[in-house]
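Per-entry structural report
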Amino acid sequence: MDRETAASSRFACGDRDRALFEAGIKMGTLYHQFVGIPVSVRSVSDLESVMADAIKVQPYVEDARVDIKRDSLPRGGDEYSYSSLTGEMIDAVITVRVGAARVVAEIRYDPELQYPLMYVSSISEDVPDA
């Protein structure tokens, strides 16, 4: 039995629910792995790439994009010109596919809620050709 078949046999749900589950795992990983890491104007682009690439190596991830709000970063060029990454600074979109199901999940700071909200922005399923 191949690894995917073995993994699938442990889930008591279909592709859609599994894709939603996987998207949640990826969102939690992205947020809790990186919040608190030092970031500066000089390192922000590299950090965005590292965060996206770290998620892309996980199973079922089709795409990941991370943007860090630069207006939250201190300006200046010395060793004191950095801050710690917070949830308010992260905009991310992760696309997960399991079988026929594709889920797009996002992290964005919601000013109304005053909270870095993780949410599912779309769910789709391929319809087999007749």
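The structure presented is a predicted model; accordingly, all values stated were derived computationally and were not measured. (Residues numbered from 1 in each chain as written. Predicted model: local features only at pLDDT ≥ 70, side-chain atom pairs only at ≥ 80, totals over all residues. Heavy atoms only, no water.)

1. Side note on the overall build of the chain
Note the cut-off: Under the DSSP-based scheme used, a helix requires at least four consecutive residues in state H or I and a strand at least two consecutive residues in state E, with every element numbered from the N terminus. Partly exposed residues are those whose accessible area sits between 20% and 50% of the maximum for their type, while under 20% is buried and over 50% is exposed, using a 1.4 Å probe and protein chains only. A contact between two residues is defined here by any heavy atoms of the two lying within 4.5 Å. Per-residue and other accessible areas follow the Shrake-Rupley method at a 1.4 Å probe size, with only the shown protein chains counted as cover for residues. Under the counting rule used here, the positive set is Lys and Arg, the negative set is Asp and Glu, and His together with the chain ends is not counted. Think of each charge as sitting on NZ of Lys, CZ of Arg, CG of Asp or CD of Glu.
Assigned secondary structure in the chain consists of three helices and six strands. Along the chain, from the amino end to the carboxyl end, the secondary structure elements read α-α-β-α-β-β-β-β-β. Expressed as lengths along the three principal axes of its C-alpha atoms, the size of the chain is roughly 60 × 35 × 25 Å. Relative to its full complement of 130 residues, the chain shows a buried share of 34%. The contacts in the chain between residues at least 6 apart in sequence include a share of 56% that link residues at least 24 apart. Element-wise, carbon and sulfur atoms account for 52% of the exposed surface of the chain, whose accessible area totals about 7,800 Å². Computed over 14 positive and 22 negative side-chain charges, the separation of the two mean positions in the chain equals 2 Å.

2. Some thoughts on the pattern of salt bridges
Operational definition: In the sections that follow, a salt bridge refers to a side-chain nitrogen of Lys or Arg positioned within 4 Å of a carboxyl oxygen of Asp or Glu.
Tallied over the entire structure, the rule returns ten salt bridges. The partner of lysine 26 in a salt bridge is glutamate 22, with the nearest N and O atoms 2.6 Å apart. Within this pair, lysine 26 and its partner glutamate 22 are both found in helix α2 (residues 15-34), separated by four residues, close to a single helical turn. Across the pair, glutamate 22 and lysine 26 agree in class, each one buried.

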